[in-house]
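Okay, here's what each chain looks like letter by letter:
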Amino acid sequence: MKLTVWTYEGPPHVGAMRVATGMKDLHYVLHAPQGDTYADLLFTMIERRDHRPPVTFTTFQARDLGSDTASLFKDACLDAYERFKPEAIIVGASCTAELIQDDPGGLAETMGLPIPVIPLELPSYQRKENFGCDETFFQIVRHLAQPQEKTPHLTANILGPTGLGFRHRDDVTEITGLLEELGVTVNVAAPMGASPVEIARLPAAHFNVLLYPETAEAAARWLERNHDQPYTKTVPIGVGATQDFIAEILTLAGLEGRSDISRLRLPWYAKSVDSTYLTGKRVFIFGDATHVKAAARIARDEMGFEVCGLGCYNREFARDIRALGREFGVDALITDDYLEVEAAIMEAAPEMILGTQMERHIGKRLGIGCAVISAPVHVQDFPARYSPQMGWEGANVIFDTWVHPLVMGLEEHLLHMFREDFEFHDDAGASHHGGHPGPRVEGGQPPVGDADSPRDISGSMEAGVPVVQTDGSIVWEEAAERELKKIPFFVRGKAKRNTEAFAVERGVSEISIETLYEAKAHFAR
C-alpha cells in the first residue's frame, strides 16, 4: 500500500467503522493485528464524541500467527455479544488481517449467535474509506430491511450520514426541518442515529432522501429496486440546489407547497457593497465529489467567482467530476495524491482554495486562503455550534466560511501595504494592547537575520534572509523581497514564479528591484 504523510481516505474498514459508530445497538467485530486499532481514536479525538466506537478488535500479535488466529476471532465475537448485547453484529477484517485469509464472515456464521451477523467483504487493497461506508451500509440494509406496508401518512427516509462525516449531524437536523415544512415526516435517518430495528423499518417510507451518494447510493438503489422507493438525486447544498431539492421533493411526494426562506441571508449579503469586491475571484475546488459539485455551482452562480480548477479524490465519481470540469472549462483533477493537488493549485494560482484539511495546509504553505468544504477535516470542523452545509442555514454558513478567508487576506494585505505607517510598523505593538509603540526600525522593516534564520516551507524570506532556490541558481535581494511582499498575497506566488522564469531566461542569478519591475513590464506586454 502507498504510505504517505497525509491521506484523503483511510482503508475500507475505517468506512465500516464510520457506519457502526453512527448507529445504535450495532457492534463491529474487526479481525485486526495490534496497531490497526488506531482508527477508533479518530472519532473521540477529531469528532469529539463522548464514547468510543462500538468496535471489538481481535488484536492478534506476531506470535499468534503461528497458532490458530481463527479461534481468536471466534472468542472476540462471543465476548462482544455477551458484553454488549447488540441487536446485530457486523464482522470483517482490516487490511493487514485480510492477508491471513481467516474468513471472519464464515467463522461468525458457524457460531450460531441469536442475532443477525452480517459479513463484510471489503477489498482493502483495491478500495478505500468511502467505498467501505457505502458497502457496509448496503449490506446492513440488505440483511435487515423487511418488506412491509407503507406508512399511512407521507414519510421519507434520510440516507447517508455517518460518523466522522463533514457536518452530517447538523445537515440531518436542517433537512428534517425542511421536509417537515413541506409536509413530509422523516421515517428513519440512517445509518447515523439508527438501530438495526429501525433499519428494518426503512421500506415503510414512501421515498428516500439521499444526502451523501458516497456513503449510501448503493443502499438507495437497492431500496428502489426491491421496495419501490424512489430517491432524490439533488443534494441541497447552496441556494439553487436547495430550491431544486424542494421541487424534487414536491414532485416525488405529489404535494404543492413552499419553504420558509426567512432565515436565508446569503443573497442579500452576496449583493451587498461589502462583498461585491469579491466578484471574479479565482477559486480552486477539491474534495469529495458531492461537495465539489455543489461548491462549483455555488462559486459560479451564487458568489460570482471564477472556477479555475477542480477535482476529487474518490475515483468512483471520476466520470461525474470530469463532466463537471468540461462544463466549467477546466481539466478535472482525479487523484488521491496531495502533492499532485498542490502542484495543480500552484499552476492555477487561485485567489482562494475550497478544499479539505489537506488543502488548508497547502494554502498555508502557498499563502493562499482556504475554506474547508469537504472531509477529511480536523477538529475545528466539528463545531459545538449548529453549523450545517445543507438547506437555507447551510447557505448562510457557506457564505460566511468562504468570504472570511478573502476578507482576512485583504486585511493582511492592507496591513502589509501600510507597514511603514507610524501606527502599523512591525514594532508598533498591537493596537488592542493599548498602543505602546516600541522603537521603530528604519524603513519599517524588521532587523536582518543571519544565515541561520528560519524559512517557511514555501521558501519565502523571514527577517530579511534572501530566498535561494533549491538548485542554487536564483537569489533574491533583500530589497526585491520586500517589494515582492507588497504584491497581494493571492497573486504573489505567480509574480514570484514569473520573475524567476524571466531571470533564468536572461541569465540573471540575483533578482533586484529592477529585475522585478522589468519582469512585470515584460509580462504586462
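Calculation rules
Residues numbered from 1 in each chain as written. Predicted model: local features only at pLDDT ≥ 70, side-chain atom pairs only at ≥ 80, totals over all residues. Heavy atoms only, no water. Helix = DSSP H or I, 4+ residues; strand = E, 2+ residues; numbered from the N terminus. Buried < 20%, exposed > 50% of the residue type's maximum accessible area, 1.4 Å probe, protein only. Contact = heavy atoms within 4.5 Å. Areas by Shrake-Rupley, 256 points an atom, 1.4 Å probe, with all protein chains shown as cover. Pairing = 2+ DSSP bridges. Axes fitted to C-alpha atoms, helices over the stretch in contact; angles between N-to-C directions. Core = buried A, V, L, I, M, F, W, Y, C linked by side-chain atoms within 4.5 Å. Parallel < 35°, antiparallel > 145°, perpendicular 65-115°, else oblique. Left-handed = near helix turned anticlockwise from the far one by under 90°. Nonpolar A, V, L, I, M, F, W, Y, C, P; charged D, E, K, R; others polar. pLDDT = per-residue confidence, 0-100. Phe/Tyr/Trp six-rings, centres within 6.5 Å; stacked < 30°, edge-to-face > 60°. Salt bridge = Lys/Arg side-chain N within 4 Å of Asp/Glu carboxyl O.

Draft legend 1. Representation of the overall build of the protein chain within the structure. When helices and strands are tallied, the protein chain shows 19 helices and 14 strands. Expressed as a percentage of the 525 residues in the protein chain, the buried residues total 54%. Pairs at least 24 apart in sequence give 69% of the contacts found in the protein chain among residues at least 6 apart. When the accessible surface of the protein chain is summed, it comes to about 24,200 Å², and 52% of that surface belongs to carbon and sulfur atoms.

Draft legend 2. Expanded view of the environment of isoleucine 398. Structurally, isoleucine 398 is set in helix H16 (residues 391-417). A relative accessible area of 3% places isoleucine 398 in the buried class. If sequence neighbours within four positions are ignored, isoleucine 398 has contacts with Ile237, Ile298 and Gln389.

Draft legend 3. Looking closely at the sheet that holds strand S5 (residues 155-159). Spatial strand order, S6-S5-S7: 3 strands in an open sheet with parallel pairing. Bordering the open sheet on either side are strand S6 (185-190) and strand S7 (207-210), each of which pairs with just one other strand. Sheet twist, expressed as the mean angle between neighbouring strand axes with direction ignored, is 25°. Here S5 pairs with S6 via 4 bridges, running parallel. Directly across from alanine 156, in S6, lies its bridge partner valine 186.

Draft legend 4. Molecular detail of the nonpolar core. Counting 58 residues, the largest nonpolar core has Ile175, Val209, Ile285, Phe305, Leu310 and Trp402 as its most contacted members. Residue contacts for tryptophan 402: discarding those within four places in its chain leaves Ala295, Ile298, Ala299, Met303, Phe305, Met352, Leu354, Ala371 and Ile373. Core analysis: the next-biggest nonpolar cluster, separate from the first, contains 47 residues, Val141, Val188, Tyr231 and Phe382 among them.

Draft legend 5. Local environment of the pairing of strand S3 (residues 88-93). The element S3 is largely enclosed, with a buried count of 6 among its 6 residues. Burial along S3 is two-sided: Ala88, Ile90 and Gly92 facing one way and Ile89, Val91 and Ala93 facing the other are all buried. As defined by bridge partners, strand S1 (residues 26-31) adjoins S3 across 6 bridges and the pair is classed as parallel. From the neighbouring strand, leucine 30 faces S3, where its bridge partner is glycine 92. Direction of pairing for S3 relative to strand S4 (residues 117-119): parallel, over a ladder of 3 bridges. Paired with isoleucine 89 across the bridge in S4 is valine 117.

Draft legend 6. Quick peek at the sheet that holds strand S2 (residues 55-57). Sheet architecture is open: 4 strands sit in the order S2-S1-S3-S4, paired in parallel fashion. Among the strands making up the open sheet, the edge pair consists of S2 and S4. Neighbouring strand axes in the sheet, compared pairwise and without regard to direction, differ in orientation by 25° on average. Looking at chain direction, S1 and S2 are connected through 3 bridges and run parallel. Opposite leucine 30, over in S2, you have phenylalanine 57 as the bridge partner. On the sheet, helix H3 (residues 69-84) packs against S1, S2 and S3 and is oriented at approximately 165° with respect to S1. Sheet strands touched by helix H5 (residues 129-144): S1, S3 and S4. Its angle to S4, the strand with the most contacts, is close to 140°.

Draft legend 7. Focus on the packing of helix H14 (residues 338-348) against helix H15 (residues 357-366). Axis separation between H14 and H15 bottoms out at 10 Å; the angle between their running directions is 45°. With respect to H15, the element H14 is oriented oblique. Regarding H14 and H15, the two cross each other, and that crossing is right-handed. Contact with H14, carried on its side by Tyr338, Val341, Glu342, Ile345 and Met346, involves Met358, Glu359, Ile362, Arg365 and Leu366 of H15 and no other residues of that element. Partitioned by chemical class, the residues of the contact of H14 with H15 number 7 nonpolar, no polar and 3 charged.

Draft legend 8. Geometry of the packing of helix H12 (residues 289-302) against helix H13 (residues 318-328). The interhelical angle for the contact between H12 and H13, taken along N-to-C directions, is 15°, at an axis separation of 10 Å. Viewed along their axes, H12 and H13 adopt a mutual orientation that is roughly parallel. With respect to the hand of their crossing, H12 and H13 are arranged in left-handed fashion. Where H12 approaches H13, its residues Ala289, Val292, Lys293, Ala296, Arg297 and Arg300 are matched on the opposing element by Asp320, Ile321, Leu324, Glu327 and Phe328. For the contact of H12 with H13, the per-class residue count stands at 6 nonpolar, no polar and 5 charged.

Draft legend 9. Quick look at the confidence of the model for the protein chain. Here the protein chain averages 83 in pLDDT, while 80% of its residues score no lower than 70. Low pLDDT (under 50) marks residues 438-468, which in the prediction has 55 contacts with non-local residues, meaning those over four places away or in another chain.

Draft legend 10. Molecular detail of the packing of aromatic side chains. What the rule picks out here adds up to 3 aromatic pairs. Ring geometry for tyrosine 8 and tyrosine 313: centres 5.0 Å apart, planes at 15°, overall stacked. One end of the pair, tyrosine 8, is in the segment before helix H1 (12-22); the other, tyrosine 313, is in the loop between strand S9 (306-312) and H13, with 305 residues separating them in the sequence. No difference in accessibility class separates tyrosine 8 from tyrosine 313, as the two residues are buried. Note on phenylalanine 286 and tyrosine 313: the rings are 6.5 Å apart at their centroids and 45° apart in plane angle, and the pair reads as tilted. In this pair, phenylalanine 286 is assigned in strand S8 (residues 282-287) and tyrosine 313 in the loop between S9 and H13, connecting sequence segments 27 residues apart. For the pair phenylalanine 286 and tyrosine 313, a shared accessibility class is recorded, and that class is buried.

Draft legend 11. Representation of the pattern of salt bridges within the structure. For the coordinates displayed, the defined rule picks out 20 salt bridges. The salt bridge involving arginine 482 is made with glutamate 478; its shortest N-O contact spans 3.0 Å. Remark: glutamate 478 and arginine 482 occur in helix H17 (residues 478-485); sequence separation between them is 4 residues, near one turn of the helix. Using a relative accessible area of 29% as the deciding quantity, one classes arginine 482 as partly exposed. The residue glutamate 505 makes a salt bridge to arginine 506 at a minimum N-O spacing of 3.3 Å. Residue classification places glutamate 505 among the exposed positions, given a relative accessible area of 61%. Through salt bridges with shared partners, a single network forms among Lys24, Glu198 and Arg201.

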